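What follows is each chain in one-letter form.
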Amino acid sequence: MKRIKYLLFFAALLLVISAAQGQISYTGAVSAQKLNYFNNINTTFSSKTICADDVGIVITLAHDSSNQNSFFMLTLEGTNTIQVAEVQNFLITDFDIIYGFIVFCGKLSTTPYTSSVGFVDFSTLFAGSTTINILDIPSEFSWLNLTKIRAYPTVDGFKIATTTDGGYVFDIDWMNQSLDAFRNPYRLNDLIVTDDYVSVLGTVSSSQCIVYVHNKNNMHNHTGEIFGTQERYLFSKYLIEEMPGYGIYENFVNGNQAIIGVVNDDLTDEFAIIDLNTLHIIDDFIVDSGLLRHIITDLCHDNDNQMIHCLSRDTIFKDYIYQPYPYMDTLTAVFPLYNWQFYYNLRTITPHIDYFITSGHGIGNTNNNAVYWFDAKVGDYSSSCMNTKPLTEKIGSSFYPANSCSYSNITNHPLGQSFVQSIKLSDDFYSYDCKD
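Since this is a predicted model, take the numbers as computed values, not measurements.

**Quick notes on the sheet that holds strand β11 (residues 157-164)**
Thought 1: The antiparallel open sheet is built from 5 strands, whose spatial order is β10-β11-β12-β13-β31. The open sheet has two edge strands with one neighbour each: β10 (146-154) and β31 (409-414). Each neighbouring strand pair of the sheet contributes to a mean axis angle of 20 degrees, computed without reference to strand direction.
Thought 2: Where strand β13 (residues 178-183) lies against β31, 6 bridges are found, and the strand directions are antiparallel. Note that in β31 the partner of S178 across the bridge is P414.

This is the structure we're talking about:
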């Protein structure tokens, strides 16, 4: 029933929005292009893009240049127009989409600088000015910044999991307005939701990471494992992502696997596939990036194409994208063209049917304060808007479980309710730097 309501809601939303849109397609008609949107964007913030499943909706999050307000930007497949909703006096750090709702976390940009979570449905947010309900994090955690958020379904609706910059995991029950706080001594980098689990990944050291696995029906039912490698990790950077599909591959039959991506000190990217039921390593492989010192920026699972997309950044080619899974001996990385006037800094990657879309910001004489998209068809390297680079992949064996672990403290707290304002801004258009 929830799925039916979800689809009916988006069908109605599409009818409302499409009447005001143009007909220039950014997917389905071109294999790659570069798009810019100018609206006083703060380019120091890592913009994020999510594509809503099956309905052709793309949502991008950004901050304004004053770093006081947040923008949600909505566009549809088959158009080059965009709708913008501004959330006032609130800096949103991350968001998720569930049942037609945008769920977000962040902090008030005016005193008191209270960390909060909130949610709002699409039709309300982009229809006009509205008041958004938010839940405030308890005052004893006021010094923390919420960094990642994922919403996950429950029998009564959904709950919200967040991470913080102080090593906490918060599990938030919106209906009961309460919070369970799980504390660990390490930096937490990433958060995913699979069929049965909420999983968190963090940094232990330059050669070790940690994974916590929570049962979605009872977050207190959890396990933890520290993983090590024979190599040192560059910048101690780790990311975790759900594996694509369900029952497609022989080893992946229960929807509870994850892929961990790290950059080794020897300039190779290492990927380990973990069974979250047992915290055993299913596979381990290494992608050789050549002589380029770089870092993995983002990972995304692509169910339509049954693959993992990896977004990386180096000092020569800037941003490039490749598919480390399924395993192949020879890979092709793609990266957008640049000219002497400007370059781009991509931050997130998201799949969209047989395309992937990355977003970030432009830097240069003509692209200040711009949100930038790189839109490319999966496996199509013929576009004149991008270059390619060969990579090699090989089986690895250096990733290993080192020691089980648990949280140092778990507490429960009530939450307070407050409000923020949003304003529907006028529609605008994307401009093309490159279009096939």
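Further notes follow.
**A look at the pairing of strand β9 (residues 130-136)**
As a general feature of sheets, a regular strand has side chains that alternate between the two faces.
Thought 1: Buried residues dominate β9, accounting for 5 of its 7 residues.
Thought 2: Bridge analysis of strand β8 (residues 115-121) against β9 gives 3 bridges, and the strand direction is antiparallel. The residue of β9 that forms the bridge with S116 is D136.
Thought 3: Pairing geometry for β9 and strand β32 (residues 416-424), over 7 bridges, is antiparallel. Paired with I132 across the two strands is V420, which belongs to β32.

**Quick look at the pattern of salt bridges**
Thought 1: This structure, assessed with the given rule, holds 7 salt bridges.
Thought 2: D96 is paired through a salt bridge with R150; the nearest N and O atoms lie 3.3 Å apart. In this pair, D96 sits in strand β6 (residues 90-98) while R150 sits in strand β10, placing the two residues 54 residues apart along the sequence.
Thought 3: The buried category is assigned to D96, whose relative accessible area is 10%.
Thought 4: The exposure class assigned to R150 is buried, which follows from its relative accessible area of 19%.
Thought 5: Across the pair R313 and D319 runs a salt bridge whose closest N-O atoms are separated by 2.7 Å.

So, how was this worked out
- Residues numbered from 1 in each chain as written.
- Predicted model: local features only at pLDDT ≥ 70, side-chain atom pairs only at ≥ 80, totals over all residues.
- Heavy atoms only, no water.
- Pairing = 2+ DSSP bridges.
- Helix = DSSP H or I, 4+ residues; strand = E, 2+ residues; numbered from the N terminus.
- Axes fitted to C-alpha atoms, helices over the stretch in contact; angles between N-to-C directions.
- Buried < 20%, exposed > 50% of the residue type's maximum accessible area, 1.4 Å probe, protein only.
- Salt bridge = Lys/Arg side-chain N within 4 Å of Asp/Glu carboxyl O.

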